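# Residue-level structural notes
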Amino acid sequence: MGRYQPLKIGDLYVKNPVVQGGMGIGISLSSLAGSVAKEGGLGLISTAQIGFREPDFDKHPKEANLRAMESELEKARKIAPEGVIGFNIMVATKDYGDYVKKAVEIGADVIVSGAGLPVNLPEYTAGSRVKIAAIVSSPKSASVICKMWDRKYQRVPDFVVIEGPLAGGHLGFSKEELTSFKADRANTDQVYDRDAYDKEILGILAVIEKFQNQYGCRIPVISAGGIFSKEDMAHHMDLGVDGVQVGTRFVTTKECDAPISYKDAYIRAKKEDIIIVKSPVGMPGRAIRNAFLDKIKKDPEKITHCFRCLEHCDPATAPYCITMALIRAALGQTDNGLLFCGYNAFRCNQIETVADVIADLCGS
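Keep in mind it's a predicted model, so treat the numbers as computed, not measured. (Residues numbered from 1 in each chain as written. Predicted model: local features only at pLDDT ≥ 70, side-chain atom pairs only at ≥ 80, totals over all residues. Heavy atoms only, no water.)

## What to know about the environment of aspartate 11
Positionally, aspartate 11 belongs in the loop between β1 (7-9) and β2 (12-14). As a C-alpha pair, aspartate 11 and lysine 131 span 120 residues in sequence and 9.3 Å in three-dimensional space. Ignoring sequence-local partners within four residues, the contact set of aspartate 11 consists of Arg129 and Lys131. Separated by 2.6 Å, the side chains of aspartate 11 and arginine 129 make a polar contact. A polar contact of 2.7 Å, which involves the side chain of aspartate 11, links it to the side chain of lysine 131. (Helix = DSSP H or I, 4+ residues; strand = E, 2+ residues; numbered from the N terminus. Contact = heavy atoms within 4.5 Å. Polar contact = N/O pair within 3.5 Å; in protein donor to acceptor, adjacent residues only side chain to side chain.)

## Looking at the environment of methionine 23
Locating methionine 23 in the fold gives a position in the loop between β3 (18-20) and α1 (30-38). Residue classification places methionine 23 among the buried positions, given a relative accessible area of 15%. Note: C-alpha distance between methionine 23 and leucine 44 (21 residues apart in sequence) is 8.4 Å. Those residues within four positions of methionine 23 in sequence are excluded, and the remaining contacts are Ser28, Leu32, Ser46, Gly247, Thr248 and Val251. (Buried < 20%, exposed > 50% of the residue type's maximum accessible area, 1.4 Å probe, protein only.)

## What about the packing of aromatic side chains?
Tallied over the entire structure, the rule returns 3 aromatic pairs. Here tyrosine 96 and tyrosine 124 contribute two aromatic rings whose centre-to-centre distance is 6.0 Å and whose plane-to-plane angle is 70°, an arrangement assigned as edge-to-face. With a gap of 28 residues between them, tyrosine 96 in helix α3 (residues 96-105) and tyrosine 124 in helix α4 (residues 121-124) connect regions that are remote in the sequence. Over the aromatic face of phenylalanine 228 sits the side chain of arginine 249, whose NZ or CZ is 5.4 Å from the ring centroid. (Phe/Tyr/Trp six-rings, centres within 6.5 Å; stacked < 30°, edge-to-face > 60°. Lys NZ or Arg CZ within 6 Å of the ring centre and 35° of its normal.)

## Here's the deal with the pairing of strand β4 (residues 42-46)
Burial within β4 is extensive, with 5 of its 5 residues counted as buried. Residues Leu42, Leu44 and Ser46 line one face of β4 and the alternating positions Gly43 and Ile45 line the opposite face, and both faces are buried. Both β4 and strand β5 (residues 84-88) contribute to a ladder of 5 bridges, which runs parallel. Looking across to β5, one finds that glycine 43 is bridged to isoleucine 85. Regarding the hand of the β-α-β motif, the stretch spanning β4, helix α2 (residues 61-79) and β5 is right-handed. (Pairing = 2+ DSSP bridges. Right-handed = clockwise from strand over helix to strand, strands pointing away.)

Take a look at the structure:
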């Protein structure tokens with residue numbers, strides 16, 4: 001038995017208060033999400049171009065993605081018939097509402113949405129039992145989404161995920177907030193003021209408490225970004241959150257859907273290899289520096305086909321296709337693809353099992 005109380009989200013019961021972060025393309029699919037759920041955590045399947053292996057993906061990406069959502073959830077359920085499993089669906093996804101409705105239709109337990117504020121998420125899930133969560137990064141964004149949902153739908157989130165500046169992939173912070181260049185250092189030093197961010201978490205908890213009191217319900221808060229060890233988890237739990245979300249450490253598990261070359265890239269990465277990049281959609285992101293990132297700085301890729309993945313991507317001006325860059329990485333072409341990661345990727349030094357990770361995070 002771990003040291004922490006189970007995570008309760010409405011009528012859902014998560015034995016170990018660990019949420020596995022949604023990682024796309026093709027990194028957190030049925031194997032990882034199902035295995036996390038089997039070990040008593042909350043498993044999330046990323047819908048980001050989830051159908052990239054479907055034969056008609058090039059011509060009909062949306063249809064392929066919706067079909068793959070169903071098959072991946074079905075496979076995850078076979079791994080963890082009694083587990084809690086859901087989807088991470090980015091608000092920035094084209095036809096976002098259709099992906100949410102598909103998740104409801106096929107019986108997802110939860111939907112977590114970030115990369116924008118999920119203003120209309122309650123509308124798309126109305127009448128269902130699915131639990132819905134917004135990813136926020138500040139007291140202001142937490143207040144905005146709660147007020148919007150209160151005003152438009154007379155409800156509040158079933159839970160909230162706080163994503164901090166050490167998270168991987170697309171980030172809800174400016175590049176200036178994420179990096180600092182020091183004259184006496186050869187590499188970019190990613191500055192992180194833990195005390196300042198702890199105050200942000202406490203500020204968000206205060207916002208959520210206000211809406212809890214208003215609605216007379218419990219709104220669990222999950223902290224995410226940079227949580228790698230049991231000490232990291234303990235620190236966040238001591239602040240008063242109900243659970244943590246972990247992404248990067250799960251990448252180097254046997255059960256993760258990524259190929260072994262992808263996992264090896266994490267294990268080989270040094271601290272100075274973890275950098276902030278500008279996504280083709282204009283958002284900063286965190287990734288492992290490789291030959292691909294060095295190349296596109298000098299020689300942008302010509303985009304010949306659009307997969308209609310994100311709302312704010314313009315193929316005419318984008319330096320490369322983020323779908324193709326992520327797919328190449330997910331297929332094992334780690335020197336010719338985009339390797340999103342969390343700040344702590346350099347701490348990965350071995351292949352573990354999901355059970356090992358959860359036991360280490362939650363053990364006494």
